[in-house]
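# Observations on chain architecture
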Amino acid sequence: MHRPICITGGKLVLEESVLEDGAVVLMEGRIAYAGPADLVPPAIAPPGGEAVPFSEWERYDAQGAWVFPGFVDVHIHGGGGADTMDGTVEALRRIASLHAAHGTTCLLATTTTESQERIVAAARAVREAMALSKEDGWHGASIAGMHLEGPYINPKRAGAQNPAYIRPASVAELEEVMAILEEGFRLVTLAPEMEGAKEAIEFLRRAGVAVSMGHTDATFEQAMAGFDAGITHVTHTYNAMRPLHHRDPGVVGAAFLSGPEVRCEVIADGVHVHAKAIEALWRAKGTDGICLVTDAIAAAGMPEGEYELGRLQVTVKGRECRLADGTLAGSVLTMDQAVGFMVREVGVPVHEAAQMAALNPAREAGLDARKGSLRVGKDADVAVLDADFRTVATWVGGRRVFGDPA
Ligand SMILES: [Zn+2]
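Residues numbered from 1 in each chain as written. Predicted model: local features only at pLDDT ≥ 70, side-chain atom pairs only at ≥ 80, totals over all residues.

### What to know about the overall build of the chain
We apply this condition: Only DSSP runs of H or I with at least four residues qualify as helices, and only runs of E with at least two residues qualify as strands; both kinds are numbered from the N terminus onward. For the radius of gyration, the atoms used are the C-alpha atoms, and the globule rule reads 2.2 Å times the number of residues raised to 0.38. Residues with at least 20 other C-beta atoms within 10 Å of their own are called buried, those with 12 or fewer are called exposed, and the rest are partly exposed. The C-beta atoms themselves are positioned from the backbone.
Scanning the chain from terminus to terminus reveals 9 helices and 23 strands. Computed over the C-alpha atoms, the radius of gyration of the chain is 20 Å, within 12% of the 22 Å expected from 2.2 N^0.38 for a compact globule of 406 residues. For the chain, the spread of C-alpha atoms along the three principal axes comes to 65 × 45 × 40 Å. Out of the 406 residues belonging to the chain, those deemed buried represent 56%.

Spelled out as structure tokens, the structure:
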């Protein structure tokens, strides 16, 4: 048994508000208490165990920093020099570790448009990493499953997805991935106007996999029909989709007018989308309707230079990742920076930015019973961020995976 850990002296970012001088107690991998510091119980017992008095707890002083629920990122390709498409557990370990150093405690490893053979190899590695990431030796975010981005997309809106592997949606291919990942198969980005999409959406909805609209040239009408067919998510809204034009409102217009069940991803790095365009989306969808994602590639957390994404060459300079022709190709964004951008540049209250970075994506991935907020009984996933929204400490399932010891 591990000693309970009490994080005090911080501003607790709860679902509805920020609590100054809050405390959160982590015990046996779960949150045992979250509330005012002066109401922390004198002893806490694990389920079926004996009470441990406060004097025996480990303590961590947050020194006035923000204490966030661990972030959930449903759209991560890579980080720390590794990519999901490497198809190895080692790559996923590096990705999980790099993003944990930026407050992410749970992620969906995201594929790119590729051959079925390579997608299957990636799915096998994700399956193995899902089990390993629950164990003590894993020093990173937990891998909750996979987000299949492409290959069933529209070549007109390929963005940085490799057009050579774009193909009609295939239920047989999806079944193969499902057989490997089971409940770890959580999200699929596809273009609803393309051949085979209707059958694929139907299959995925029946199988309990969330479907996202992305890399799509759908008209407004086609996009709305996609939502009616069961699509509940929009992949990096504004990027790689038919934009909003006053005589052709496109996918962006449909996203704005979509129902409350639809959540819209946004890459809040100041490069992919203007802050005011994010604000417009926020006004249309409300806080419940936005999921922050990084869309990070292998170059995240690495020096500037040449990298690869889906067998395409990417040049990374500053905050920008681009193909040779200038097309944006993922990001080097981390979730702590995205939260900071939403607060400082878009004007979102801190607890609402936390909801966009943790609870909403957890809901999308079907993980909100265990993840996404500092609520008693949920997984002990916590990120401490300083006043500049830089991560200083991270716990995953009560295990310290990042930061200097207190
Ligand atoms: Zn992506």
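There's more to say after this.
### Here we look at the domain arrangement of the chain
Applied cut-off: Where each domain begins and ends follows an automated or database-derived domain assignment. Contacts are defined on C-beta atoms placed from the backbone: any two residues whose C-beta positions lie within 7 Å are in contact. Note on residue categories: nonpolar means Ala, Val, Leu, Ile, Met, Phe, Trp, Tyr, Cys or Pro, charged means Asp, Glu, Lys or Arg, and polar means any other residue, Gly included.
In terms of domain boundaries, the chain breaks down into domain 1 (5-67 + 375-402) and domain 2 (70-364). Averaged C-alpha coordinates put domain 1 and domain 2 at centres separated by 30 Å. Every contact between the two is made by 21 residues of domain 1 and, on the other side, 22 residues of domain 2. For the side of domain 1 that touches domain 2, the secondary-structure elements that each account for two or more residues are strand 21 (382-385), strand 22 (391-396) and strand 23 (399-402). Per-class residue counts for the side of domain 1 that touches domain 2 are 11 nonpolar, 4 polar and 6 charged.

### A word on the nonpolar core
To be explicit about the condition: To count as a nonpolar core, a set of buried Ala, Val, Leu, Ile, Met, Phe, Trp, Tyr and Cys residues must be joined through C-beta atoms within 7 Å.
Counting residues in hydrophobic clusters, the biggest one holds 138 residues, and the most contacted among them are Val-24, Val-67 and Leu-292. Each residue touching Val-24, except ones within four places of it in the same chain, is listed here: Ile-7, Leu-12, Ile-31, Tyr-33, Ala-34, Val-67, Leu-374 and Val-382.

### Remarks on the sheet that holds strand 19 (residues 312-317)
Selection rule: By the convention used here, strands pair only if DSSP detects at least 2 bridges between them. Comment: axis = line fitted to C-alpha atoms, over the contacting stretch for helices; angle = value between 0 and 180 degrees taken between N-to-C directions.
In spatial order, the strands read 18-19-20; together these 3 strands make up an open sheet with antiparallel pairing. Two strands close off the open sheet at either side, each with one partner strand: strand 18 (305-309) and strand 20 (320-322). Each neighbouring strand pair of the sheet contributes to a mean axis angle of 35°, computed without reference to strand direction. Taken together, the 3 bridges between strand 19 and strand 20 define a ladder with antiparallel strand orientation.

### Things to note about the pairing of strand 2 (residues 18-27)
Where a strand is regular, its side chains alternate between the two sheet faces. Taken across its 10 residues, strand 2 has 7 buried, putting it largely inside the fold. Relative to strand 2, strand 1 (residues 5-13) is paired through 6 bridges, and the arrangement is antiparallel. Looking across to strand 2, one finds that Val-13 is bridged to Val-18. What sits between the antiparallel neighbours strand 1 and strand 2 is a turn of 4 residues. Bridge analysis of strand 2 against strand 3 (residues 30-36) gives 6 bridges, and the strand direction is antiparallel. Bridge pairing in strand 3 places Met-27 opposite Arg-30. Joining the antiparallel neighbours strand 2 and strand 3 is a turn of 2 residues, in which Glu-28 adopts a positive phi near 50°.

### Let's talk about helix 9 (residues 350-364)
Our working definition: A helix's residues, less one, multiplied by 1.5 Å, set its expected span. Bend, at a single residue, is the angle you get between axes fitted to the 7 residues ending at that residue and the 7 residues starting at it.
With 15 residues, helix 9 ought to run about 21 Å at 1.5 Å a step, and its terminal C-alpha atoms sit 20 Å apart, in line with that. Of all bends in helix 9, the biggest is about 40°, found at Met-356. Of all the 15 residues making up helix 9, 13 are buried; the element is thus mostly covered by neighbouring parts of the structure. At the exit of helix 9 stands Gly-366, carrying a positive phi of roughly 75°.

### Describing the environment of Phe-389
Turning to its location among the elements, Phe-389 is positioned in the loop between strand 21 and strand 22. Taking the C-beta count within 10 Å as the criterion, Phe-389 has 24 such neighbours and is therefore assigned buried. Phe-389 sits 324 residues away from Ala-65 along the chain, and the two C-alpha atoms are 9.0 Å apart. In this structure Phe-389 touches Asp-336, Gln-337, Val-339 and Gly-340, once residues within four positions along its chain are discounted.

### Here's the deal with unusual backbone geometry
With an omega of 10°, the peptide bond running from Gly-150 to Pro-151 counts as cis. Secondary-structure assignment places Pro-151 in the loop between strand 12 (142-149) and helix 3 (171-181). One non-glycine residue, Glu-28, lies in the positive phi region at around 50°. Summarising the element assignment, Glu-28 is placed in the loop between strand 2 and strand 3. Residue Glu-28 is classed as partly exposed on the basis of its C-beta count, with 15 C-beta atoms lying within 10 Å.

### A word on the packing of helix 2 (residues 116-132) against helix 3
Each pair of packed helices gets described by two things: the angle between the helix axes and the distance between those axes. Operational definition: Orientation is classified from the angle alone, with under 35 degrees giving roughly parallel, over 145 giving roughly antiparallel, 65 to 115 giving roughly perpendicular, and any other angle giving oblique. Definitions for this section: a left-handed crossing has its near helix turned counterclockwise from the far helix by less than a right angle. A right-handed crossing has that turn clockwise.
Across the interface, helix 2 lies against helix 3 with an axial gap of 9 Å and an inter-helix angle of 20°. Here helix 2 lies roughly parallel to helix 3, going by the angle between them. By crossing handedness, the relation of helix 2 to helix 3 is classed as right-handed. On the side of helix 2, the interface is formed by Gln-116, Ile-119, Val-120, Ala-123, Arg-124, Val-126 and Arg-127, while helix 3 contributes Glu-173, Glu-176, Val-177, Ile-180 and Leu-181. Here the residues of the contact of helix 2 with helix 3 sort into 7 nonpolar, 1 polar and 4 charged.

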